[in-house]
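# Topology and contacts: notes
Each chain, written out:
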Amino acid sequence: MRGRRNLIRATVLALLAGLTGAAVAAPAGAAEPAAEPEWGPCPADVVAPLVALQCTQIPVPLDHGSPDGEQITITVSRLASTKPEKRRGILILNPGGPGGSGLAFANDLVKRGLPASVQDSYDIIGFDTRGVGHSDPVSCGFTTDQDYIGNIPPYAADDAAVLRTAEVAREVAQRCAANDRNGHLRHVTTANVARDMDRIRAALGEEKASFLGFSYGSALGAAYASLFPDRADRVVLDSNVGDTHLDPDGIRRYALGAEETFGDFARWAADRHGTYGLGATPEEVRQTYLRLAAQLDDRPSGGVDGRMFRAATFVGLYGPTLYGSTAAAWQSLLSGDAPPAPAPPAGPSPQDNAYSAFLATTCNDVAWPRDVAVYQRAVAQDRERFPVYGAASANVLPCAFWPYEPAEPPVRVLDEGPANVLIVQNRHDPVTPLRGGELLREKFGDRARLVVENGSGHGVYAGVGDTPCALGVTTSYLVDGTLPPDDVVCR
């Protein structure tokens, strides 16, 4: 029982670390072709047992508005095509976040079933975005004793809870500023990462770059296709945030996604009521959730309080493969007889870089409301509209107290240019609901097509569950360039 409760806490802390002409002030940062860099072994912590990765480092300007100024390095990986006669070019990957390392992401996709035809067609390029991992990492100095559970704010039961969250958020923002000793934090933005991608393209001697991005990676891909429409080859955006950045509306849509996806888990659990005892109908499962959350608000159990329970359940909606462990965790908490989980050892948080990169990107991309009353009103509204998780995703982030103003407006989605954007979306997604894919489709206009897979979970292509329709359409586009003539709704 103790191990199961510890797993709840550890899972939440890990997964919530890593939850994206244009109207921009700075120049696009055109990159000239250069001699291809030397490839060698990847850093020791880049674990990729299924593929033969090579790595290199590519210099980019810290400030693309001053290309001859201070330089930073971006660490890049390559899974080279072994079929030169089939090779089309490069396919740049992004796993999401913002803040997720992409160096070993090719290995993850191969493990999940990335078709061999895609591997033959491209040198598959992963990279740690600026501020992440091996690419000039940023740090806010997070420690294990902070009352900060991840990149999604905690559930707030009332206005007073929003105020308490605001105090934590204010301290985090101040800590980020205090740790920004080299002044790099403010330069971690989606627009700058897109410009870095074009530097990678040029350094590898390619005229164009294809792209496959998931979750926040959809925002990054949308930014690249908008800043560099003539250099973007085939662009696939999977599980979409709805724009080129995360903003309060984008994070509030997590509540819509959780509400739409919770029913899939509730039906699954109701069908297994004899095993887990969570309710014989989906409505009974829902009432169990609401009752247990309220109970844990008053009396935490095994180191898990109501906010942690709601966050763990939210993570458990990421895909049907997580339903069993989620149901077992509920069952454990309902019994209420396990001793408290031990506190983690004091010291730096293992999630420091992931949390810091997420905040830097999210807070630098767009100006966030600074009045706590705005968040109190949003929490009260979404608590009623979306009971499962609305009072969490509408709550205060450290962006409300961020020490820097955005250096430029967010990248505007460009609807003029080649028709080369494929938007892929599950019907039910707890993090990036279908509405995000629809919004991005509207913004790209005739440049894009939308594929809606009749699935549930976060991630579609070579990802969660059985998605033969989206798998086929996406693979055909990447390999053959076959963009559907119209939007596709999988049956």
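Residues numbered from 1 in each chain as written. Predicted model: local features only at pLDDT ≥ 70, side-chain atom pairs only at ≥ 80, totals over all residues. Heavy atoms only, no water.

### Here's the deal with the side chain of D429
We apply this condition: Helical segments are the DSSP runs of H or I of at least four residues, strand segments are the runs of E of at least two, and each set is numbered from the N terminus. Classification of residues uses two cut-offs on accessible area relative to the type maximum, computed with a 1.4 Å probe and protein chains only: under 20% is buried, over 50% is exposed, and between them is partly exposed. We score Asp and Glu as negative and Lys and Arg as positive, and we do not count His or the chain ends. Basic side-chain nitrogens of Lys or Arg form a salt bridge, by our definition, when they fall within 4 Å of a carboxyl oxygen of Asp or Glu. Side-chain atoms alone can form a polar contact between residues adjacent in sequence; in general such a contact is a pair of N or O atoms within 3.5 Å, and within protein one must be able to donate a hydrogen while the other accepts it.
Relative to the helices and strands, D429 is located in the loop between β7 (421-428) and α15 (434-444). With no salt bridge to any partner, buried D429 finds its closest opposite charge in R253, at an N-O distance of 11 Å. For D429, the side chain forms a polar contact with the main-chain nitrogen of V431, separated by 2.9 Å. Only 2.8 Å separates the side chain of D429 from the side chain of T432, close enough to count as a polar contact.

### A few points about empty space enclosed by the protein
Using the following cut-off: Think of a 1 Å grid over the protein atoms and nothing else: a 1.4 Å probe that fits but is trapped marks a cavity, an open set flanked by protein within 12 Å on at least five of seven lines marks a pocket, and residues with an atom within 4 Å of a point count as lining. Grid points are joined across faces, edges and corners, and a volume is the space filled by probe spheres set on the points. Three classes are used, and their members are as follows: Ala, Val, Leu, Ile, Met, Phe, Trp, Tyr, Cys and Pro are nonpolar, Asp, Glu, Lys and Arg are charged, and the others, Gly among them, are polar.
Here the largest cavity is characterised by a volume of approximately 40 Å³. As for the largest cavity, its lining consists of P98, G99, T129, R130, V132, V188, V193, Y216, A357 and T361. Among the residues making up the lining of the largest cavity, the classes are represented as 6 nonpolar, 3 polar and 1 charged. Counted as a void, the second largest cavity has a volume near 30 Å³. Every residue lining the second largest cavity is listed: N240, V241, G250, R253, Y254, V431, T432, P433 and G436. It is helix α7 (residues 248-270) that contributes the most residues to the lining of the second largest cavity, 3 residues altogether. Residues that form the lining of the second largest cavity fall into these classes: 4 nonpolar, 4 polar and 1 charged.

### Let's talk about helix α2 (residues 105-112)
Condition: By the convention used here, residues are in contact when the closest approach between their heavy atoms is within 4.5 Å.
Along α2, the residues that are buried comprise F105, A106, N107 and L109. For α2, the secondary structure elements touched by its buried residues are β2 (71-79), β3 (89-94), β4 (122-127) and β5 (209-214). Of the residues trailing α2, G113 is marked for its positive phi of about 110°.

### Considerations on the environment of P154
Mapped onto the secondary structure, P154 falls in the loop between β4 and α4 (159-179). When the C-alpha atoms of P154 and N395 are compared, they prove to be 7.0 Å apart, with 241 residues separating the residues in sequence. Those residues in contact with P154, other than ones at most four positions away along the chain, are I149, T165, R307, A391, A392 and N395.

### Comments concerning the confidence of the model for the protein chain
The condition is simple: A score from 0 to 100, pLDDT tells how confident the predictor is in each residue.
This prediction gives the protein chain a mean pLDDT of 91; 91% of its residues lie at or above 70. Residue range residues 10-30 is modelled with pLDDT below 50. Its contacts to residues more than four positions away, or to other chains, number 77 contacts.

### Considering the packing of α7 against α15
So the rule is basically this: Each axis is a line fitted through C-alpha atoms, and for a helix only the stretch in contact is used; angles between axes span 0 to 180 degrees, taken between their N-to-C directions. Geometric relationships in this document are graded by angle, where less than 35 degrees denotes roughly parallel, more than 145 denotes roughly antiparallel, 65 to 115 denotes roughly perpendicular, and other angles denote oblique.
Orientation of α7 relative to α15, taken along the N-to-C sense of each, is 125°, at an axis distance of 9 Å. When the interaxial angle is binned, α7 and α15 end up oblique. Where α7 approaches α15, its residues R253, L256 and E260 are matched on the opposing element by L434, R435, G436 and L439. Here the residues of the contact of α7 with α15 sort into 3 nonpolar, 1 polar and 3 charged.

### Points about the sheet that holds strand β9 (residues 488-489)
The condition is simple: The rule for pairing is simple: two strands pair if DSSP sees at least two bridges between them.
The 9 strands are arranged β1-β2-β4-β3-β5-β6-β7-β8-β9 in an open sheet whose pairing can be described as mixed. Of all strands in the sheet, those bounded by a partner on one side alone are β1 (54-61) and β9. Here 4 bridges tie strand β6 (residues 232-238) to β7, and the two strands are oriented parallel to one another. Paired with D238 across the strands is V424, a residue of β7.

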